[in-house]
Amino acid sequence: MSVRTAAAVDCGTNSIRLLIADADPDTGELVDRDRRMEIVRLGQGVDRTGRLAPEALERTFAACRRYAEAIAAHGVTPDRLRFVATSASRDAENREDFVRGVKEILGVLPEVITGDEEAALSFTGATKELAGRPEAAGPFLVVDIGGGSTEFVLGADRVDAARSVDIGCVRLTERHLTSGDGTVADPPSAAERAAIVADIDAALELAAERVPLERARTLVGLAGSVTTVAAMALELPGYDPAAIHHAVLDLDQVRSVTEWLLAATHAERALVPAMHPGRIDVIGAGALVLLRIMERAGVERVTVSEHDILDGILWNVVSR
């Protein structure tokens, strides 16, 4: 089978990402042509209102227009494009407005997938390169910490168990750290931190009902909260995907970064070289999710992956 060019879009609660790549199903090699991310906060207020905000929709559609230009420039036709939408658009009453807008701009319907489908795609994207490596033995526990939800998937060469739970960096920040006027606690109080921990721990109990977390031999962490924690732990002078991809952090590093983030002010977090402006107010909650997962699963290390659901979506396009 020859190399195929395809495109994938992953639209989550906090960010929308594009991957255009050449993929060879015979060798498992994937070569990026264009990989980009924009913070659009599609899930702004969804946990409170149950609806996608007009301004959030417009931010998302604006990013889609830019992505449409890139996809066309690389000659990718709609039949080689898949657009996957996750937590925020699953939850919203007015999700048809979102579906219609995406179809008009990109020529494909966004697929509002279930949490289990999301987990399986994340697993494929995260583990395809790790299979067979002695330093990353299965079973793998892949955790994708998003804006509105976190996916857990356990398996070796295939998925054995998966669960999606409604904890994510945006949802937790809005639920516990954001006042009625939109002000975010800066930094959170001890009581606010305790409320987040209680929420996370309750969700981890739900995840553990279906996914035996303690079976994991290698924990693989995905998405912006995890990669940002990695960049900080590695003391990178800027965001460097090559340095972050497959970095291994120990529990003490994750705990140290998390404690700093939860004690820092907005201004202090904004000075972190690798910090995306859209993550400044939500990164503390995201880091805390990662820390509690490691403590609950009893693992001492996490392997950080830059390849995740976006890569899994593209492999799905190529293989169908």
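Refer to the structure printed above.
Residues numbered from 1 in each chain as written. Predicted model: local features only at pLDDT ≥ 70, side-chain atom pairs only at ≥ 80, totals over all residues. Heavy atoms only, no water.

Chemist: A description of the overall build of the chain should follow, citing residues and the corresponding values.
Modeler: The helix and strand tally for the chain stands at 13 helices and eleven strands. Computed over the C-alpha atoms, the radius of gyration of the chain is 18 Å, within 12% of the 20 Å expected from 2.2 N^0.38 for a compact globule of 320 residues. On the principal axes, the C-alpha backbone points of the chain span a range of 55 × 50 × 40 Å. Across the 320 residues of the chain, 55% fall into the buried class. Partitioning the intrachain contacts of the chain with sequence separation of at least 6 by distance along the chain shows that 70% fall at a separation of at least 24. As displayed, the chain has an accessible area near 13000 Å², and 49% of this comes from carbon and sulfur atoms. Mean positive and mean negative side-chain charge positions of the chain (34 and 50 charges, respectively) differ by 3 Å. (Helix = DSSP H or I, 4+ residues; strand = E, 2+ residues; numbered from the N terminus. Rg over C-alpha atoms; globule rule 2.2 N^0.38 Å. Buried < 20%, exposed > 50% of the residue type's maximum accessible area, 1.4 Å probe, protein only. Contact = heavy atoms within 4.5 Å. Areas by Shrake-Rupley, 256 points an atom, 1.4 Å probe, with all protein chains shown as cover. Lys, Arg positive; Asp, Glu negative; His and termini not counted. Charge placed at Lys NZ, Arg CZ, Asp CG, Glu CD.)

Chemist: Give me the lowdown on the sheet that holds strand S4 (residues 81-85), citing residues and values where you can.
Modeler: Taking strand neighbours across the sheet as the criterion, the five strands line up as S3-S2-S1-S4-S5 in an open arrangement whose pairing is mixed. With one partner strand each, in any of the chains shown, strand S3 (29-39) and strand S5 (111-112) form the two edges of the open sheet. As defined by bridge partners, strand S1 (residues 4-11) adjoins strand S2 (residues 15-24) across eight bridges and the pair is classed as antiparallel. When the sheet's bridge partners are listed, cysteine 11 is paired in S2 with isoleucine 16. Relative to S1, helix H13 (residues 309-319) is tilted by about 140 degrees, and along the sheet it contacts S1, S2, S3 and S4. (Pairing = 2+ DSSP bridges. Axes fitted to C-alpha atoms, helices over the stretch in contact; angles between N-to-C directions.)

Chemist: Explain the sheet that holds strand S10 (residues 248-250) to me, using residue names and the numbers behind them.
Modeler: The mixed open sheet is built from six strands, whose spatial order is S8-S7-S6-S9-S11-S10. Both edges of this open sheet fall to strand S8 (159-165) and S10, since each of them pairs with a single strand only. Taking each pair of neighbouring strands and ignoring which way they run, the sheet shows an average axis angle of 25 degrees. Examined bridge by bridge, strand S6 (residues 140-145) and strand S9 (residues 218-222) share five bridges and lie parallel to one another. Across the sheet, residue aspartate 144 finds its bridge partner in S9, namely leucine 222.

Chemist: I'd like a description of unusual backbone geometry, backed by residues and values.
Modeler: Along the chain, aspartate 186 connects to proline 187 via a cis peptide bond; the corresponding omega equals -5 degrees. With respect to the element layout, proline 187 can be found in the loop between helix H6 (169-176) and helix H7 (190-210). Although it is not a glycine, alanine 223 sits at a positive phi angle of roughly 85 degrees. Along the polypeptide, alanine 223 turns up in the loop between S9 and helix H8 (224-233).

Chemist: Run through the packing of aromatic side chains, naming residues and quoting values.
Modeler: Across all of its chains, the model carries one aromatic pair by this definition. Here the basic side chain of lysine 128 rests over the ring of tryptophan 315, its NZ or CZ set 4.6 Å away from the ring centre. (Phe/Tyr/Trp six-rings, centres within 6.5 Å; stacked < 30°, edge-to-face > 60°. Lys NZ or Arg CZ within 6 Å of the ring centre and 35° of its normal.)

Chemist: Give a detailed account of the pairing of strand S11 (residues 301-304), specifying residues and quantitative values.
Modeler: On any regular strand, side chains alternate: one points to one face of the sheet, the next to the other face. Of the strand pairs in this sheet, S9 and S11 are connected by two bridges, and their pairing is parallel. Among the inter-strand pairings, valine 220 is bridged to a residue of S11, identified as threonine 303.

Chemist: Which residues make up the packing of helix H2 (residues 54-73) against helix H4 (residues 95-106), and what values go with them?
Modeler: Two packed helices can be described by the angle between their axes and the distance between those axes. At a minimum axis separation of 9 Å, H2 and H4 run at an interaxial angle of 25 degrees. As judged from the angle between their axes, H2 and H4 are roughly parallel. For the crossing formed where H2 meets H4, the hand is right-handed. Every residue of H4 that contacts H2 at Leu57, Thr60, Phe61, Cys64, Arg65, Tyr67, Ala68 and Ile71 is listed here: Asp97, Phe98, Gly101, Val102, Ile105 and Leu106. Considered class by class, the residues forming the contact of H2 with H4 number ten nonpolar, two polar and two charged. (Parallel < 35°, antiparallel > 145°, perpendicular 65-115°, else oblique. Left-handed = near helix turned anticlockwise from the far one by under 90°. Nonpolar A, V, L, I, M, F, W, Y, C, P; charged D, E, K, R; others polar.)

Chemist: Pulling in residues and values, what's your account of H4?
Modeler: Its twelve residues give H4 an end-to-end C-alpha distance of 17 Å, which sits within 8% of 16 Å, the value for a rise of 1.5 Å per residue. Of the residues making up H4, those classed as buried are Phe98, Val99, Gly101, Val102 and Leu106. In the stretch just after H4, glycine 107 is the one whose phi turns positive, near 80 degrees. (Expected span 1.5 Å × (residues − 1).)

Chemist: A description of the pattern of salt bridges should follow, citing residues and the corresponding values.
Modeler: This model, assessed by the stated rule, comprises 24 salt bridges. Of the charged contacts in the structure, one is a salt bridge between aspartate 10 and arginine 17, with a shortest N-O distance of 2.9 Å. Taking the relative accessible area as the measure of exposure, aspartate 10 reaches 8% and is therefore buried. Its salt-bridge partner being aspartate 186, residue arginine 269 comes within 3.7 Å of it at the nearest N-O pair. Pair noted here: arginine 269 is in helix H11 (residues 266-270) and aspartate 186 is in the loop between H6 and H7, with a separation of 83 residues, a long-range link. Take aspartate 186: its relative accessible area is 39%, and that puts it in the partly exposed class. By sharing partners, the salt bridges in this structure join Asp201, Asp252, Arg255, Arg292 and Glu295 into a single network. (Salt bridge = Lys/Arg side-chain N within 4 Å of Asp/Glu carboxyl O.)

So, to be careful, I would describe these as geometric facts and stop short of saying anything about function.
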